[in-house]
Amino acid sequence: FEKAQIKHERIKAIGEMSSSVAHDFNNSLQQITGNLEMIKFQKNITQIAAERLKNIESIIDDVAERVSALQKFGDTEHDANDAQLIDFNKLIKESLNQSRPLWKDSVEKKGLKINIITDFEDIPKISCNKGELKLAIYNLIKNSVEAMPEGGNLTIKTSRKNKRVFATFTDTGVGMNEKTKIKIFEPFFTTKGFELGRGLGMSGVFTTINKYNGTIYIKSSELSKGTTFEIVFPESQLEVIKILPENEQKEKTSY
Ligand code: ADP
Ligand code: MG
């Protein structure tokens, strides 16, 4: 636990540095774009210059995308305006439906199979932003699927204990080595090569979950033995719906 805590502090420090660097970069980018616009609308620029300007514009777009990712990563401040009461089980189901092309259609096309097993307890609502959390869950599912190029199982469980809500995502994929475990939440860290991976999934997952007072842990991961991520959120203080005692109601589904 202590180790995990230290790691989270480290990532938060990287986040703070990221956002100040991103801020500076943004200012410079705006100046570059402003100058570029001026040149673009000059009369008499040669065709070759116009083409080069287009190249520069598309490079700037790339850089802007990365700067904005850095800025989001650094933004771990909790903004109460963005938080909503969320039924986590329902949100996971929606993410599964949205990501269906990833784990069903395209996988079956290759003659493989990924089984999704859900094991949901009746849990109290959590306080988070729906769109942000859905994107985070989508990215977790996407990574699990990508970690199982030969097919496999993804098991998603939710539970509650001591006024906290837990969700675990367990895949039977390739697992991770120590270096990956240490770097996984850093922006732009990827083991997939730049064509396949941008390294912006897990840093976004980390930002979103921390922003809303949650925590994410790599509960276990070993090379070729799969990976389990655990997300922990406090029960929302605003939660008014009465919930059955712990572990009393379960809903189990296989897809
Ligand atoms: P990307 O998927 O674009 O590489 P992410 O930020 O989503 O970037 O993930 C970063 C890295 O973390 C991945 O490249 C991969 O090495 C590792 N990773 C994430 N999820 C898993 C998983 N479920 N199993 C194994 N490795 C994973
Ligand atoms: Mg990813």
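The shown structure was predicted, so the numbers you read here are calculated from the model rather than taken from an experiment.

Caption draft 1: Region of interest: the overall build of the chain. Looking only at helices and strands, the chain features eight helices and eight strands. Residues classed as buried in the chain amount to 27% of the 255 residues present. Long-range pairs, those at least 24 residues apart, make up 77% of the contacts in the chain with a sequence separation of at least 6.

Caption draft 2: How the structure looks around the pairing of strand 6 (residues 215–221). One ladder, built from six bridges, connects strand 6 with strand 7 (residues 227–234); its direction is antiparallel. Paired with Thr215 across the two strands is Val232, which belongs to strand 7.

Caption draft 3: Representation of helix 5 (residues 130–146) within the structure. Given a rise of 1.5 Å per residue, 17 residues ought to cover 24 Å, and the 24 Å separating the end C-alpha atoms of helix 5 matches this to within 8%. Taken as a whole, helix 5 has its buried residues at Leu133, Ala136, Ile137, Leu140, Ile141, Asn143, Ser144 and Val145.

Caption draft 4: The nonpolar core, seen in detail. In terms of nonpolar packing, the biggest core is built from 32 residues, with Leu140, Val205, Phe206 and Ile209 touching the most fellow members. Looking at this core, the elements that each hand over two or more residues are helix 3 (88–98), strand 3 (126–128), helix 5, strand 4 (152–161), strand 5 (164–171), helix 8 (201–211) and strand 7. In terms of residue count, the dominant contributor to this core is helix 5 (six residues). Not counting residues within four places of it along the chain, the set of residues in contact with Phe206 comprises Ile11, Phe185 and Ile216. In terms of nonpolar packing, the next biggest core, distinct from the first, is built from five residues, Ala22, Val67, Ala69 and Leu70 among them.

Caption draft 5: Region of the structure containing unusual backbone geometry. You will see that Phe188, though not glycine, has its phi angle at about 75°, which is positive. For Phe188, the location among the structural elements is in the loop between helix 6 (178–183) and helix 7 (193–196). Overall, the presence of 15 C-beta atoms within 10 Å leaves Phe188 in the partly exposed class.

Caption draft 6: Region of interest: the packing of helix 5 against helix 8. For the pair helix 5 and helix 8, interaxial distance at closest approach is 9 Å and the crossing angle is 145°. Along this stretch, helix 5 crosses helix 8, giving a crossing that reads as left-handed. When helix 5 is examined against helix 8, the residues Glu132, Leu133, Leu135, Ala136, Asn139, Leu140, Lys142 and Asn143 are found in contact with a partner set consisting of Gly201, Gly204, Val205, Thr208 and Ile209. Class assignment for the residues of the contact of helix 5 with helix 8 results in six nonpolar, five polar and two charged.

Caption draft 7: Seen up close, the site of ligand 1. The environment of ligand 1 is formed by 23 residues, the closest being Asn143, Ala147, Thr190, Gly197 and Gly201. Sorting the residues of the shell around ligand 1 by element identifies helix 5 and helix 8 as the ones contributing at least two each. Tallied by class, the residues present in the shell around ligand 1 amount to seven nonpolar, 13 polar and three charged.

Caption draft 8: Inspection of helix 3 at higher detail. Where helix 3 is concerned, the buried positions are Phe88, Ile92, Ser95 and Leu96. Down the axis of helix 3, the buried side of the element spans an arc of 100°, and every buried residue falls inside it. Along helix 3, exposed side chains directed more than 90 degrees from the buried face belong to Lys90 and Asn97.

Caption draft 9: A look at the environment of Asp105. Examined against the element boundaries, Asp105 turns out to sit in helix 4 (residues 100–109). A count of 9 C-beta atoms within 10 Å places Asp105 in the exposed class. A C-alpha to C-alpha distance of 35 Å links Asp105 and Asn213, two positions 108 residues apart in sequence.

Definitions and cut-offs
Residues numbered from 1 in each chain as written. Chains lettered and ligands numbered in written order. Predicted model: local features only at pLDDT ≥ 70, side-chain atom pairs only at ≥ 80, totals over all residues. Helix = DSSP H or I, 4+ residues; strand = E, 2+ residues; numbered from the N terminus. Buried ≥ 20, exposed ≤ 12 C-beta atoms within 10 Å, placed from the backbone. Contact = placed C-beta atoms within 7 Å. Pairing = 2+ DSSP bridges. Expected span 1.5 Å × (residues − 1). Core = buried A, V, L, I, M, F, W, Y, C linked by C-beta atoms within 7 Å. Axes fitted to C-alpha atoms, helices over the stretch in contact; angles between N-to-C directions. Left-handed = near helix turned anticlockwise from the far one by under 90°. Nonpolar A, V, L, I, M, F, W, Y, C, P; charged D, E, K, R; others polar. Near = placed C-beta within 6 Å. Arc of directions from axis to C-beta.

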